[in-house]
Amino acid sequence: MGLSKTIWAKPSEFLAKEQPENPVLFFSPAVLQATAHRFLAGFPGLVTYAVKSNPDEMVIANLDAAGIRGYDVASIHEIDLIRRVAPGASMHYNNPVRTRREITDAVEKGVRSFSVDSRSELAKLAGIVPPGAEISVRFKLPVQGAAYNFGAKFGATAELATELLAEADRLGYAPSLTFHPGTQCTDPLAWDAYIRTAAQITRDAGVRLQRLNVGGGFPSHRLNQIAPELESIFALIDRVTGEAFGADRPALVCEPGRGLVAESFTLATRVRAIRDDAHVFLNDGVYGGLAELPLIGIIDRTEVRDEDGARRAGAGRDRIVFGPTCDSVDRLPGELALPSDMEEGDFVLFHGLGAYSTATVTRFNGFGLLDIATVMSLTD
Ligand SMILES: *Cc1c(COP(=O)(O)O)cnc(C)c1O
């Protein structure tokens, strides 16, 4: 991945001057810091960042500068990244499956918080992690409202979570609970049942809950017609925690990935061809920066610019859009309305592409080289 040191005014300036053949991700530090401030001002607890959603060092450095002091990490590589770029930040090792070697390394590197969702992994931790550390039991509910099922892989049932929480407490760890309601949860109610179940698990386990981590899952702006309402979600989390826990209210933690980082990047792709005036072939697709679209749906916050960077203003026309590889799954879901006057060589920009884009790019079929350029503003 290339990284240009220059700071550009806006994407159109870069595109007109550089005429990039590869896709380009435009990064706005100002938008990232503003989003971080929105979370810090509104969320009723500790705001941490899920590193996997975009592990770029510039992202971590800007979150650190904005005042983010905790990170959800899932591997030793991510732990080392945070130690290097945001020294002093706390780390929550919230991948519930780790090797003994990884646990030992993490303890040595100063990690004091671990999630768990099984008896065997709790026993593994108990042999290595000193008492006093936080053990955060991850539980799950049958899914609803999320774009993607996060309970398919991780999370104990409420019954098992009760047992694990009581055991963590008995072993001398700070007992906490965590859940992940699913990614891109536009409905605040996704958090409601989880928080109430957390309170029930706590009562059944007979412990005093230290912290409740309400996960990631905070939505980003993907569709023009649906603007996410973060403040409504924050308010619901605050209110329901009070109602469910009463006087025994635990400290709250959140660990957004998408909700923090998505808005600060715009992906500029280029039209390789418009085949017989029908199918649009872009230079990026589902093996590159657009990997998530078939999983959680299209992003229609697009704009098209010509080779001089000027905006195409033609009426929208639904098109089938393909990526550059020869695999027939390399196609964006459904159809995308794009200006009727669009031409080969134009740029198609997708806004809100900061999460799960740089992180999951492949080099399949020789494509996927992605440049990152820093801009003052993502819009004109
Ligand atoms: C991926 C992940 C997150 C971030 O999820 P988003 O939907 O991007 O907010 C948070 N916590 C855990 C444990 C995760 O695995």
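Residues numbered from 1 in each chain as written. Predicted model: local features only at pLDDT ≥ 70, side-chain atom pairs only at ≥ 80, totals over all residues. Heavy atoms only, no water.

Caption draft 1: Representation of the overall build of the protein chain in the model. Scanning the protein chain from terminus to terminus reveals 11 helices and 18 strands. Taken against the 2.2 N^0.38 rule, which gives 21 Å for 380 residues, the C-alpha radius of gyration of the protein chain at 22 Å falls within 12% of a compact globule. Residue burial in the protein chain is summarised as follows: out of 380 residues, 56% are buried. Considering only contacts within the protein chain whose residues lie at least 6 apart along the sequence, 73% involve residues at least 24 apart. For the protein chain, the exposed area adds up to about 15500 Å²; of that, 51% sits on carbon and sulfur atoms. For the protein chain, the distance from the average position of its 38 positive side-chain charges to the average position of its 48 negative side-chain charges is 5 Å. (Helix = DSSP H or I, 4+ residues; strand = E, 2+ residues; numbered from the N terminus. Rg over C-alpha atoms; globule rule 2.2 N^0.38 Å. Buried < 20%, exposed > 50% of the residue type's maximum accessible area, 1.4 Å probe, protein only. Contact = heavy atoms within 4.5 Å. Areas by Shrake-Rupley, 256 points an atom, 1.4 Å probe, with all protein chains shown as cover. Lys, Arg positive; Asp, Glu negative; His and termini not counted. Charge placed at Lys NZ, Arg CZ, Asp CG, Glu CD.)

Caption draft 2: Representation of the pairing of strand S11 (residues 265–275) within the structure. Looking at chain direction, strand S2 (residues 24–27) and S11 are connected through four bridges and run antiparallel. Bridge pairing in S11 links Phe26 to Thr266. Where S11 hands over to strand S12 (residues 279–282), the hairpin turn is made up of three residues, of which Asp276 adopts a positive phi near 45°. (Pairing = 2+ DSSP bridges.)

Caption draft 3: Structural detail: the pattern of salt bridges. One pass over the structure, following the stated rule, counts 26 salt bridges. Note that Arg196 and Asp192 form a salt bridge whose closest N and O atoms lie 2.9 Å from each other. Of this pair, Arg196 and Asp192 are both found in helix H8 (residues 189–205), four residues apart, which corresponds to roughly one turn of the helix. What makes Asp192 buried here is its relative accessible area of 15%. What emerges from the salt-bridge pattern is a single network uniting Lys10, Glu303, Arg305, Arg311 and Asp380. (Salt bridge = Lys/Arg side-chain N within 4 Å of Asp/Glu carboxyl O.)

Caption draft 4: How the structure looks around the nonpolar core. Core analysis: the biggest nonpolar cluster contains 99 residues, and Tyr71, Trp191, Val214 and Phe218 have the highest contact counts within it. Counting residues domain by domain, this core receives three or more from each of domain 1 (2–27 + 263–375) and domain 2 (30–261). If sequence neighbours within four positions are ignored, Trp191 has contacts with Phe179, Pro181, Cys185, Val214, Gly216, Gly217, Phe218, Ile233, Leu236 and Ile237. Ranked by size, the runner-up nonpolar core spans 11 residues in total, among them Leu15, Val24, Leu349 and Leu378. (Core = buried A, V, L, I, M, F, W, Y, C linked by side-chain atoms within 4.5 Å. Domains from an automatic or database assignment.)

Caption draft 5: Region of interest: unusual backbone geometry. Phi is positive for Asp276, which is not a glycine, with a value near 45°. Within the element layout of this structure, Asp276 appears in the loop between S11 and S12. The class for Asp276 is exposed, based on a relative accessible area of 74%. Even without being glycine, Asn365 reaches a positive phi, approximately 65°. Mapped onto the secondary structure, Asn365 falls in the loop between strand S17 (347–351) and strand S18 (371–375). A relative accessible area of 42% means that Asn365 is categorised as partly exposed.

Caption draft 6: Structural detail: the UniProt feature "modified residue: N6-(pyridoxal phosphate)lysine" (unreviewed entry) in the protein chain. UniProt marks Lys52 with the feature "modified residue: N6-(pyridoxal phosphate)lysine" (unreviewed entry), using the numbering shown here. Note on placement: Lys52 falls in the loop between strand S3 (46–50) and helix H3 (57–66). Given a relative accessible area of 39%, Lys52 falls into the partly exposed group. (UniProt positions renumbered as here; feature names shortened; annotations may be inferred.)

Caption draft 7: Focus on the site of the ligand. Around the ligand, the surrounding shell holds 15 residues, and the nearest of these are Lys52, Thr183, Gly217, Glu255 and Tyr356. Contact between the ligand and Thr183: an oxygen atom at 2.4 Å from a side-chain N or O atom of the residue. The protein chains hide 94% of the 390 Å² of surface that the ligand would expose on its own. Partitioned by chemical class, the residues of the shell around the ligand number four nonpolar, six polar and five charged. (Near = heavy atom within 4 Å. Polar contact = N/O pair within 3.5 Å; in protein donor to acceptor, adjacent residues only side chain to side chain. Nonpolar A, V, L, I, M, F, W, Y, C, P; charged D, E, K, R; others polar.)

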